[in-house]
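# Observations on the model geometry
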Amino acid sequence: MGMCSSRPTRVPLLTKRHRQLRLQRARKHREWTMDEWKRVAWSDESRFLIHHVDGRVRVSRLPREHLLPSCTAGHTQAGGGGIMLWGTFSWAALGPVVVVEQTMKAANYLNVIADQLHSYMAFVFPTGNGIFQQDNAPCHKARIVLEWFEEHTDEFHLMSWPPN
């Protein structure tokens, strides 16, 4: 329809070291069989906003409209509310979806994995051969979280994830 985005696309900066680590991880897992990948459970959390209350203004406009007052700074949108969800899944089963009441900090994340992930992994991988994959969000890398995973290595393993 000829519309332009109001914001530039942002891409995380990948350093040479980041690219090396990504390639290293890909090479490590390229020979994995389907059965090996079936042992992995994945998770992530996302915030869903209502009425764009994240402080950023978004507008849709035609290229020649970029300087119209309705498409420039000062244009605000009212509204409110949002929800943060954490969820997990694997080949075998969908896991729980949890409403996170607060900002996802290390202590909150530890509660989620202790209360939700632990029982999910025990149910889906009862022999202790499961692998859990999370990204490198700061709360995932916190010392108390990594210590919790260390304490549960006999029940499932934590798969490493390269930065960025």
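That block above? That's the structure.
A brief structural summary. Per chain, the residues get numbers from 1 upward, laid out in the order the sequence is written. Side-chain atom pairs in this predicted model are given and counted only at pLDDT of 80 or more, local residue features only at pLDDT of at least 70, and totals for whole chains, interfaces and linings cover all residues. The side-chain figures draw on all heavy atoms in the structure; neither hydrogens nor water molecules are used.

## Some remarks on the sheet that holds strand S2 (residues 82–90)
Note the following rule: In this scheme, strands are said to pair when DSSP sees at least two bridges between them. By the criteria applied, helices consist of DSSP H or I runs no shorter than four residues and strands consist of E runs no shorter than two, each listed in order from the N terminus. Think of each axis as a best-fit line through the C-alpha atoms, taken over the contacting stretch in the case of a helix, with angles from 0 to 180 degrees between the N-to-C directions. Contact between two residues is taken to exist if any of their heavy atoms lie within 4.5 Å; hydrogens are not considered.
Ordered by their spatial adjacency, five strands build an open sheet running S3-S2-S1-S4-S5, and the pairing between neighbours is mixed. What marks the edges here is a single partner per strand, and that holds for strand S3 (94–100) and strand S5 (156–159). Each strand axis lies, on average, 25° off the axis of its neighbour in the sheet, ignoring direction. Pairing analysis gives four bridges linking strand S4 (residues 130–133) to S5, with the strands arranged parallel. Residue pairing across strands places Phe132 opposite Leu158, the latter belonging to S5. With respect to the sheet, helix H3 (residues 106–124) is in contact with strand S1 (40–49), S2, S3, S4 and S5, its orientation differing from that of S2 by roughly 25°.

## Comments concerning the nonpolar core
Note the threshold: To define a nonpolar core, start from buried Ala, Val, Leu, Ile, Met, Phe, Trp, Tyr and Cys residues and group those joined through side-chain atoms within 4.5 Å. Accessibility here uses a 1.4 Å probe with only protein chains present; expressed as a share of the type maximum, an area under 20% marks a residue as buried, one over 50% as exposed, and anything in between as partly exposed.
By size, the foremost hydrophobic cluster in this structure holds 23 residues, and its most contacted members are Trp86, Met104, Tyr109, Leu117, Met121, Phe132 and Phe149. Broken down by secondary-structure element, the contributors of at least two residues to this core are S2, S3, H3 and helix H4 (143–151). When residues in this core are grouped by element, the largest group, eight residues, is from H3. Apart from the residues within four sequence positions on either side, Phe149 is in contact with Ile113, Leu117, Phe132, Gln134, Phe156 and Leu158.

## A word on the side chain of Glu45
Spelled out, the test is: When charges are tallied, Lys and Arg are placed among the positive residues and Asp and Glu among the negative ones, while His and the ends of the chain are skipped. Salt bridges are identified by distance alone: a Lys or Arg side-chain nitrogen within 4 Å of an Asp or Glu carboxyl oxygen. Nitrogen and oxygen atoms within 3.5 Å of one another constitute a polar contact, given that in protein one can donate a hydrogen and the other can accept it, and given that sequence-neighbouring residues count only through two side-chain atoms.
Along the chain, Glu45 falls in strand S1. Arg47 provides the closest opposite charge to the buried, salt-bridge-free Glu45, at an N-O distance of 11 Å. Only 3.1 Å separates the side chain of Glu45 from the side chain of His140, close enough to count as a polar contact. Apart from residues lying up to four places away in sequence, Glu45 is in contact with Met84, Leu85, Trp86, Met104, Tyr109, Ala137 and His140.

Nothing here speaks to function; it is geometry throughout.
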